[in-house]
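# A closer look at the structure
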Amino acid sequence: MARPVNEINAGSMADIAFLLLIFFLVTTTMDVDSGIIRRLPPPPDPTVKPPDIKERNVINVLVNSRDALLVERQPSDIKTLRRQMHDIIANFSNREDWPEKRLETIEHLGEVWVSRGIVSLKNDRGTSYNMYIQVQNELTSAFNDLRNEMAMEKFGLRYSQLPNEWKEAVNKAVPVAISEAEPEDVGGK
Amino acid sequence: MARFKRKGKGRLPGISTASLPDIIFMLLFFFMVTTVMRETTLIVKVKVPDATEVQKLERKSLVSYIYIGPPLRSQIFGTESRIQLNDRFASVSEIQNFIVAEREARDEADRGLLTASLKVDQETKMGIVTDVKQELRRIGAFRINYSTRRRIDK
């Protein structure tokens, strides 16, 4: 017959662990900080002339104090902005007033057409932050769409599935060119 | 007819709770590892906008936060959006000093990688945000992040 083994009562250990657990549960913040990452341009140097950029290569996006959009002097809508920007940047139809493209040889990709378009985003002081972020988001997604298309065409994979080396090649072929224009004081608060 | 067995003479052994602490400890370690202590108390209301194209911020230790939003105690401080740095309200001109102090607190090698995360309430007007961005440009803090929540479309 086996003798009953005297077990140490570990029940209270759970209580101690619970105490600690509840402490960390309360203090924890699970939110991972995420957002739209941007690089600000250095302040303009008055001695250096700004580079000449052809009129057709600049895609003007304006957001006014009533959160209305103007793209290339035409009223636009946030819902169609993504598609519209995608078409303008890529300029498949080779329109004269849309950005020009240059044939470049990029490692891993071969010869590709690289758009010279730069999105110039201008906002008013009275624009709501939410609208501004939505516009930024749509612009980013337009560029991401272009990258995805390029990745699909060349490698048959989505951009996010590519190895880093290929990603860089695609980045070179589709650079995210969003420039935030120098703020101007218009409209007031 | 089915018969139920009466509880026999043999003593029913109690369920061993010895593994319970292990389970709790497992949970505990999970929370200990994932936890980030809240270092600032918010005095402005910040409800960040949604976006679909969000990226995660790498290396949390190299992020400085700038909060902009309407004050929580609007009876005293009004409803106009204000800037919060650390634990207090700040004016636009204090941003530069804040960034300098944040840089000082980091390792020398990492100073160039400091990212300013703008946690801005979605109702805020762009004017104040533009001012902050201009200050950041002047002090050379070019890496910024517009903090947003992830929204899943469709």
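Scroll up a little and you will see the structure.
The paragraphs below set out a description of the structure included in this document. (Residues numbered from 1 in each chain as written. Chains lettered and ligands numbered in written order. Predicted model: local features only at pLDDT ≥ 70, side-chain atom pairs only at ≥ 80, totals over all residues. Heavy atoms only, no water.)

### Concerning the overall build of chain B
Note the cut-off: Numbering of helices and strands starts at the N terminus; helices are DSSP runs of H or I of at least 4 residues and strands are runs of E of at least 2. The quantity called the radius of gyration is restricted to C-alpha atoms. Its globule counterpart is 2.2 Å times the number of residues to the power 0.38. Exposure categories follow from relative accessible area, calculated using a 1.4 Å probe and restricted to protein chains: below 20% of the type maximum is buried, above 50% is exposed, and the middle band is partly exposed. When checking whether two residues touch, look at their non-hydrogen atoms; a contact exists if any pair is within 4.5 Å. Here the Shrake-Rupley method, with its probe set to 1.4 Å, supplies the accessible areas, and only the displayed protein chains count as covering residues.
Helix and strand counts for chain B come out as four helices and eight strands. Ordered by position from N to C terminus, the α and β elements of chain B give α-β-β-β-α-β-β-α-β-α-β-β. Over its C-alpha trace chain B gives a radius of gyration of 25 Å, far above what one expects of a compact globule, namely 15 Å for 154 residues. Summarising its shape, the C-alpha atoms of chain B cover approximately 85 × 40 × 40 Å along the three principal directions. By residue count, 42% of the 154 residues in chain B fall in the buried class. Counting contacts in chain B only where the partners sit at least 6 residues apart, residues at least 24 apart contribute 71% of the total. Approximately 9900 Å² of chain B is accessible, and the part contributed by carbon and sulfur atoms is 55%.

### Observations concerning the nonpolar core
Burial of nonpolar side chains together is a common tendency in soluble globular proteins. Put simply, the rule is: By nonpolar core we mean a set of buried residues, namely Ala, Val, Leu, Ile, Met, Phe, Trp, Tyr and Cys, connected to one another through side-chain atoms within 4.5 Å.
Grouped together as the largest cluster of nonpolar side chains are 60 residues, with contacts concentrated most on Met85, Val119 and Val135 of chain A together with Ile66, Leu118 and Leu136 of chain B. If one sorts the elements of this core by residue count, helix α3 (residues 129–155) of chain A sits on top with twelve residues. Those residues in contact with Met85 of chain A, other than ones at most four positions away along the chain, are Ile59, Val61, Val71, Val119, Leu139 and Ala142 of chain A.

### Quick notes on the sheet that holds strand β7 (residues 118–123) of chain A
Working definition: the strands of a sheet are paired by backbone hydrogen bonds and lie parallel or antiparallel to each other. Residues and elements named next belong to chain A. Stated precisely, the cut-off is as follows: A strand pair is defined by DSSP finding two or more bridges across the two strands. Between N-to-C directions, angles span 0 to 180 degrees; the directions come from axes that are lines fitted to C-alpha atoms, helices contributing only their stretch in contact.
Strands sit in the order β4-β3-β2-β7-β8 across an open sheet of five strands; the sheet is mixed. Edge positions in the sheet fall to β4 (74–76) and β8 (178–180), since each of these pairs with one other strand and no more. On average, each strand axis in the sheet is inclined to that of its neighbour by 30°, with strand direction left out of account. The pairing of strand β3 (residues 69–71) with β4 spans three bridges and is antiparallel. Bridge pairing in β4 places Leu69 opposite Ser76.

### Some details on the packing of aromatic side chains
Where we set the bar: Here a Phe, Tyr or Trp ring, Trp counted by its six-membered ring, pairs with any other such ring whose centre lies within 6.5 Å, and the pair is stacked when the planes are under 30 degrees apart, edge-to-face when over 60, and tilted otherwise. Sitting over a ring, as applied to charges here, requires NZ of Lys or CZ of Arg to be within 6 Å of the ring centre and within 35 degrees of the ring normal.
For the structure shown, the criterion picks out eight aromatic pairs over all chains. Seen in terms of ring centroids, Phe23 of chain A and Phe24 of chain A are 5.2 Å apart; in terms of plane orientation they differ by 75°. Their pairing is edge-to-face. Exposure remark for Phe23 of chain A: the relative accessible area of 43% places this residue in the partly exposed category. Classification of Phe24 of chain A as buried rests on a relative accessible area of 11%. Among the aromatic residues, ring-to-ring pairing joins Tyr129 and Tyr132 of chain A together with Tyr146 of chain B into one connected group. The ring of Trp98 of chain A is capped by Arg95 of chain A, whose NZ or CZ atom sits 4.1 Å from the centre of that ring.

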